[in-house]
Amino acid sequence: QVHLVESGGGLVQAGGSLRLSCAASGRTFSSYAMGWFRQAPGKEREFVAAISWSGGSTYYADSVKGRFTISRDNAKNTVYLQMNSLKPEDTAVYYCAAVSSLISDYVELYSAGYDYWGQGTQVTVSS
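An account of the accompanying structure is given in this report.

The rules behind the values
Residues numbered from 1 in each chain as written. Predicted model: local features only at pLDDT ≥ 70, side-chain atom pairs only at ≥ 80, totals over all residues. Heavy atoms only, no water. Helix = DSSP H or I, 4+ residues; strand = E, 2+ residues; numbered from the N terminus. Rg over C-alpha atoms; globule rule 2.2 N^0.38 Å. Buried < 20%, exposed > 50% of the residue type's maximum accessible area, 1.4 Å probe, protein only. Phe/Tyr/Trp six-rings, centres within 6.5 Å; stacked < 30°, edge-to-face > 60°. Lys NZ or Arg CZ within 6 Å of the ring centre and 35° of its normal. Core = buried A, V, L, I, M, F, W, Y, C linked by side-chain atoms within 4.5 Å. Contact = heavy atoms within 4.5 Å. Pairing = 2+ DSSP bridges.

1. Some words on the overall build of the protein chain
Then, number 1: Helix and strand content of the protein chain: zero helices and eleven strands.
Then, number 2: Its helices and strands in sequence order give the protein chain the pattern β-β-β-β-β-β-β-β-β-β-β, from N to C terminus.
Then, number 3: The C-alpha atoms of the protein chain give 13 Å as radius of gyration, which agrees with the globular expectation for 127 residues (14 Å, within 12%).
Then, number 4: Across its three principal axes, the protein chain shows a C-alpha extent of roughly 40 × 25 × 25 Å.
Then, number 5: Burial statistics for the protein chain: of 127 residues in total, 45% are counted as buried.

Here's what the structure looks like:
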């Protein structure tokens, strides 16, 4: 079992930055591939970024590539999403998710592939 808690959301002007954190409980965090998703009002949840449990593999949605960076610190049971050059269209509730994996460089891109979800943190980007 993994319990996920996101933090770091807030209100920021366009062009600004935020860093989201996702703290995980459980002793086997280092064996979980992690992902970030977001959901804007009236829209479906969409993939943002993913990272393997080793940290050696990452993957990004085209809409955030070059602006967002996913990373993890297995010693702190935490995954991060550094968001730079934020745009109003980045406004959404951001969720982190976890799935157990035996493959060190496995990344999961689809929400259905994740077993555990956090409660979400709101990110609002003003124009």
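Here the narrative resumes, following the displayed structure.
2. Here we look at the packing of aromatic side chains
Then, number 1: Per the stated rule, a full pass over the model turns up six aromatic pairs.
Then, number 2: When the centroid spacing of 5.7 Å and the interplanar angle of 75° are considered together, the rings of Phe 37 and Phe 47 count as edge-to-face. Here Phe 37, found in strand E4 (residues 32-39), pairs with Phe 47, found in strand E5 (residues 46-51); they are ten residues apart in sequence, far enough to count as distant.
Then, number 3: You can call Phe 37 buried: its relative accessible area is 2%.
Then, number 4: Residue class for Phe 47 comes out buried when judged on its relative accessible area of 15%.
Then, number 5: Ring geometry for Phe 47 against Tyr 59: centres 6.2 Å apart, planes inclined by 45°, an arrangement best described as tilted. Of the two residues, Phe 47 sits in strand E5 while Tyr 59 sits in strand E6 (residues 58-60), which places them twelve residues apart along the sequence.
Then, number 6: The structure contains a cluster of three or more aromatic residues connected by ring pairs, namely Phe 37, Phe 47, Tyr 59, Tyr 114 and Trp 117.
Then, number 7: We note Arg 45 situated over the ring of Tyr 95; from NZ or CZ to the ring centre the distance is 4.0 Å.
Then, number 8: It is Arg 45 that lies over the ring of Trp 117; its NZ or CZ is 4.6 Å from the centre.

3. Quick notes on the nonpolar core
Then, number 1: Leu 4, Met 34, Trp 36, Leu 81, Met 83 and Tyr 94 are the most contacted members of the largest nonpolar core, which has 38 residues in total.
Then, number 2: Those elements that place two or more of their residues in this core are strand E3 (18-24), E4, E5, strand E7 (68-73), strand E8 (78-83), strand E9 (92-100) and strand E11 (121-126).
Then, number 3: Here this core gets six residues from one element, more than from any other, and that element is E9.
Then, number 4: Filtering out sequence-adjacent residues up to four positions away, Met 83 remains in contact with Gly 16, Ser 17, Leu 18, Leu 20, Arg 67, Phe 68, Tyr 94 and Val 123.

4. As for the pairing of E5
Then, number 1: Counting buried positions along E5 gives five out of six residues, so the element sits mostly inside the fold.
Then, number 2: Pairing analysis gives five bridges linking E4 to E5, with the strands arranged antiparallel. Residue pairing for E5: Trp 36 is matched across the bridge by Ala 49.
Then, number 3: Where E4 folds back onto E5 in an antiparallel hairpin, the turn is made up of six residues, including Gly 42, whose phi is positive at roughly 80°.
Then, number 4: The pairing of E5 with E6 spans three bridges and is classified as antiparallel. Bridge assignment links Ala 49 to a residue of E6, and that residue is Tyr 60.
Then, number 5: Remark: six residues form the turn of the hairpin made by E5 and E6, two consecutive strands paired antiparallel; Gly 55 in that turn has positive phi of roughly 85°.

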